[in-house]
Every structure is written in structure tokens, then in C-alpha cells.
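Structure assessment
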Amino acid sequence: MDIQEQLSRDFSSWKLPGQELHRFMDALRKRGPVASISFHGMPAYLLTRHDSLVNSFKDTENLPPERAYQIGIMPLIGENFQSMSGKRHRLYRKLATPTFRPRMVERMDSDMLRVIANELIDKFIDKGEADLTQDFTMLYPYIVTARLLGIPRDEERKFADWVIGLLHFTADPERAYQCRDELWAYLDPVIEERRHNPRDDVISQLIHDEVEGVKMDNALLKSHIGIMFSAGSSTTHDSIGNLLYALLTTDGWPLVRDGIARRDPAIDEALRWEPAVSFLPRVTKAGKPSIIEGVEIPPDTFVFMGISAANHDPAYFENPHSYDIDRGSDARSMTFGHGPRLCPGMHLARMNLRTTLDTLLDRLPELTLISEEGAAPSGTIFRKPDKLQCCF
């Protein structure tokens with residue numbers, strides 16, 4: 001691969017399926033910790049080394065984490081804890097994320113997750129063949145979130161369509177705003193009803209929870225529901241697909257089928273090997289240039305945290321491009337970030353991955369990938385298989 005030719009292409013258009021991305025990151029890493037790229041026609045930068053990410057995740061002065069959300073998702077769904085800073089961020093993060101804390105995840109009904117997985121499998125198992133991205137991975141996390149929120153089952157698919165529209169904000173902003181308006185119009189009466197008649201669901205919890213005398217108003221309630229769907233569900237969808245690709249293109253599937261103790265290590269290794277969020281955007285501070293890893297970067301400039309590059313840095317991981325179930329859990333993985341903004345949904349994500357893996361192994365023990373077309377994870381910021389055509 002010609003490095004300059006790839007760098008001349010806009011970062012938003014990079015596909016680099018499977019090992020192509022990791023080999024390209026190897027080449028960039030050898031040139032230095034910071035690579036110059038373009039993003040939607042604007043100059044931007046990409047961090048390529050593990051130690052650079054550790055340093056930069058902690059550098060909230062030069063790379064304030066809220067700025068990327070203020071530029072990206074906030075214009076669509078409004079202010080949320082991700083777009084806030086300081087005390088307001090800490091306060092609203094506590095209000096927004098109780099469902100994702102380890103203690104709450106442990107109390108969550110895993111049977112509910114298993115029921116959803118089985119419902120989806122029931123729809124295609126008799127066919128003997130299916131594209132698991134369309135028939136399973138794309139639907140499962142949106143249905144889980146809808147049920148946590150207490151959305152009626154006959155409206156779950158409508159919710160999934162709205163959220164997919166939100167996720168395509170950059171490609172089709174008109175459609176995204178239409179989906180946002182329809183979702184908000186649906187939620188207004190639901191929020192009002194739950195305010196007077198709370199249930200055992202996340203919407204009721206968000207309405208009635210209070211931290212330091214503060215509760216969410218309706219605008220913040222809707223924006224945080226939007227974040228749960230768009231950020232949480234989409235990355236779970238991508239992670240399930242990446243896990244299945246890893247297991248089905250190596251000797252992993254029979255290993256985890258026949259060895260229950262290997263399932264959690266298989267999930268941890270897949271999260272390292274092909275993280276769903278491969279490049280996390282940050283934006284430099286306003287007003288004056290920032291020095292990032294010795295490079296002066298102008299204000300208001302996108303800097304992409306190369307999570308996938310860090311997870312494949314040979315200075316930290318032996319044979320990093322190999323999917324090795326027996327590698328062992330490694331806290332150095334950057335998949336869920338690092339520092340004060342560690343991903344709040346990491347525990348629920350792992351629970352979803354383990355439940356879906358257990359259910360698929362139980363129902364489809366002979367699952368086999370029958371076509372490599374579209375199977376290798378591709379993309380930059382979000383990375384996933386486009387297709388997983390399998391027989392069982």
C-alpha cells in the first residue's frame with residue numbers, strides 16, 4: 001500500500017478492511033506518533049502509538065473531550081453529559097449512567113437479554129443460512145435498549161429505524177433531523193406519563209433520579225435517551241459483529257463452543273483486536289495552538305485517538321495482529337478509552353457480548369462463515385463487518 005496515496009484520501013472515506021488497517025497503522029507508527037490527515041476536507045491529525053494515547057487521553061487541557069461531542073452529535077440531539085465539562089459533566093454523568101454501573105449490570109436480568117437473542121434466532125434458524133449482520137447483530141442492541149427504556153415491543157423496530165437515521169447524521173443530515181423530530185415527538189407523551197406513573201424502566205429512572213438536588217429536564221432526558229441509543233447500541237452492534245468475525249475466521253468458534261472458560265477471554269481479545277470505535281475524535285482547545293506529542297496543532301482541529309493502532313502497537317502487545325484467545329486480559333487495551341472519560345457502558349457491553357455469544361453457541365453450535373465478502377471489519381471511526389453470511 002502506498003502511504004502517501006492513502007493519506008491523500010479523506011479519512012472519512014477510509015475502509016481498509018481487516019489487516020489492511022493494521023498494516024497501514026504499522027507503517028504510520030514507524031514514521032512517528034502523529035500523522036497528518038484530512039477529515040471532511042479539513043486538516044486533521046491521527047495518533048498512532050499506545051503511549052501517545054495514554055498521554056493524550058489525560059491531556060484534557062489541550063484535548064478537552066467535550067468539544068468533539070459539541071461539534072458532532074450535540075447539534076442533532078442537544079446537550080448531554082458527553083458534551084459537558086467539569087462539575088456539570090460529573091453531575092449529569094451520574095444522573096445519566098446508573099444503569100451502566102457494574103453493580104447495576106450485575107443485577108440486570110440476563111434472561112431478558114437471552115430472550116431477545118433467542119427471539120431473533122427463531123426468525124431465521126429454520127432457513128439454515130443467514131446474514132447475521134442484518135438478521136441479528138444490527139437488531140439485537142436496539143431491542144435491548146428499547147426494552148430497558150420500557151418501549152412497547154410492537155414499536156421496537158420503529159425505534160431502531162429512528163436511531164439508524166440519527167447515526168447517519170453526517171451522510172444524510174436531512175433524514176437524521178427527521179428521525180430526531182419523530183423520536184422526540186414520540187418521547188414527549190411517554191416522558192409525561194412516566195413522570196406521573198413511574199415504572200421499573202430506564203426512562204422512569206432518568207426522570208426521577210436526583211443528584212445534588214438536580215433532576216433532568218425534558219430536553220436533557222431526550223438527549224440522553226438519544227445517546228443511549230446512538231452511542232451505546234451502535235457500538236454493541238459493531239462489537240458483536242467483530243467478535244463473530246474473529247471467531248469464525250480463526251479456530252475460535254470450536255474453542256469457545258467446547259470450552260466455556262475461554263469465552264470471556266475470547267471477548268476481551270476481540271475487543272482489543274477489532275474495537276468497534278477504532279478512532280475516537282477529539283478537538284484541540286480554542287484560542288491558541290496545542291502541542292501534542294511534540295507537534296504543534298492549530299486550535300479547533302480534529303485529533304483522532306488511534307485506539308486500533310494503540311491496540312496493535314508491538315511495543316505493548318506481542319504478535320498484535322493475531323487473534324489469540326489465550327493472550328490473557330490486558331489492562332493496556334485502549335478499547336474503552338483511558339483516564340477520566342472511560343466509557344461508562346463497558347460493563348453492559350461485555351454482558352451483552354457474553355449473553356449473545358452463549359446463546360448463539362447454544363442454538364447454532366455448527367455456525368460457519370460461508371462467504372468472506374464484506375465480512376472483514378472496515379471503516380475508521382466505527383468499524384464493523386458489512387455482511388456475515390453464515391450457515392448452521
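Everything that follows concerns the structure shown earlier in this document.
Keep in mind that what you see is a predicted model, and the values were worked out from it rather than measured. All chains use their own residue numbering, which begins from 1 and follows the written sequence. A pLDDT threshold of at least 70 governs which residues receive local features in this predicted model, and a stricter bar of 80 or more applies before side-chain atom pairs are shown or counted, although totals over entire chains, interfaces and linings include all residues. Remark: hydrogens and water are excluded; side-chain values derive from all non-hydrogen atoms of the structure.

1. Regarding the sheet that holds strand β1 (residues 34-39)
Note on sheets: strands pair through backbone hydrogen bonds, and any given pair is parallel or antiparallel. The sheet built from 4 strands is open, its strands ordered β1-β2-β7-β4 with mixed pairing. The sheet terminates laterally at β1 and β4 (279-283), the two strands that pair on one side only. Neighbouring strand axes in the sheet, compared pairwise and without regard to direction, differ in orientation by 30 degrees on average. Two strands qualify as a pair provided DSSP detects at least 2 bridges between them. Numbering of helices and strands starts at the N terminus; helices are DSSP runs of H or I of at least 4 residues and strands are runs of E of at least 2. Relative to strand β2 (residues 42-47), β1 runs antiparallel, the two being bridged by 6 bridges. Bridge pairing in β2 links Phe39 to Met42. Its contacts with the sheet place helix α3 (residues 50-58) against β2, β4 and β7 (302-306), and it is angled at close to 130 degrees to β7. Where helices are involved, their axes are fitted lines through C-alpha atoms of the stretch in contact, as for all axes, and angles between N-to-C directions lie from 0 to 180°. When checking whether two residues touch, look at their non-hydrogen atoms; a contact exists if any pair is within 4.5 Å.

2. Some points on unusual backbone geometry
With a phi close to 50 degrees, His40 is a non-glycine residue in the positive phi region. Inspection of the secondary structure assignment puts His40 in the loop between β1 and β2. Within the chain, Asn319 stands out as a residue other than glycine whose phi angle is a positive 45 degrees. Positionally, Asn319 belongs in the loop between α17 (307-311) and α18 (346-363).

3. Describing empty space enclosed by the protein
Unoccupied space between atoms shows up once a probe the size of one water molecule is rolled over them. The rule is simple: put a 1 Å grid over the protein atoms alone, call a set of points where a 1.4 Å probe fits but cannot get out a cavity, call an open set with protein on both sides within 12 Å along at least five of seven lines a pocket, and count a residue as lining if it has an atom within 4 Å of a point. Grid points are joined across faces, edges and corners, and a volume is the space filled by probe spheres set on the points. Under the definition given, this model contains 1 cavity of 30 Å³ or more. Each pocket or cavity is described by its volume, and for the largest cavity that value is around 30 Å³. If you go around the largest cavity, the residues you meet are Ser239, Asn242, Leu243, Ile267, Ala270, Leu271, Glu274 and Leu353. Every element with two or more residues in the lining of the largest cavity is listed here: α14 (218-248) and α16 (263-273). Just so you know the grouping, Ala, Val, Leu, Ile, Met, Phe, Trp, Tyr, Cys and Pro go in nonpolar, Asp, Glu, Lys and Arg go in charged, and all remaining residues, Gly too, go in polar. Tallied by class, the residues present in the lining of the largest cavity amount to 5 nonpolar, 2 polar and 1 charged.

4. Points about the environment of Phe169
Within the secondary structure, Phe169 sits in the loop between α11 (156-167) and α12 (173-196). Note on Phe169: relative accessible area 18%, which makes it buried. Separated by 141 residues in the primary sequence, Phe169 and Leu28 place their C-alpha atoms 29 Å from one another. Any residue under 20% of the maximum accessible area for its type is buried, any over 50% is exposed, and the rest in between are partly exposed; the area is computed with a 1.4 Å probe on protein chains only.

5. Some details on the state of the cysteines
Our working definition of a disulfide is a cysteine sulfur pair at a distance within 2.5 Å. Per the stated rule, a full pass over the model turns up 0 disulfides. For Cys390, which is in no disulfide, the shortest distance to another cysteine sulfur is to Cys391 and amounts to 7.5 Å. Under the relative-accessibility criterion, Cys391 is labelled partly exposed at 27%.

6. Things to note about helix α10 (residues 140-149)
Side chains three or four residues apart in an α-helix point the same way, a direct result of the helix having 3.6 residues per turn. The element α10 is largely enclosed, with a buried count of 10 among its 10 residues. The set of residues buried in α10 consists of Tyr140, Pro141, Tyr142, Ile143, Val144, Thr145, Ala146, Arg147, Leu148 and Leu149. Count one or two residues on from α10 and you reach Gly150, which has phi positive near 85 degrees.

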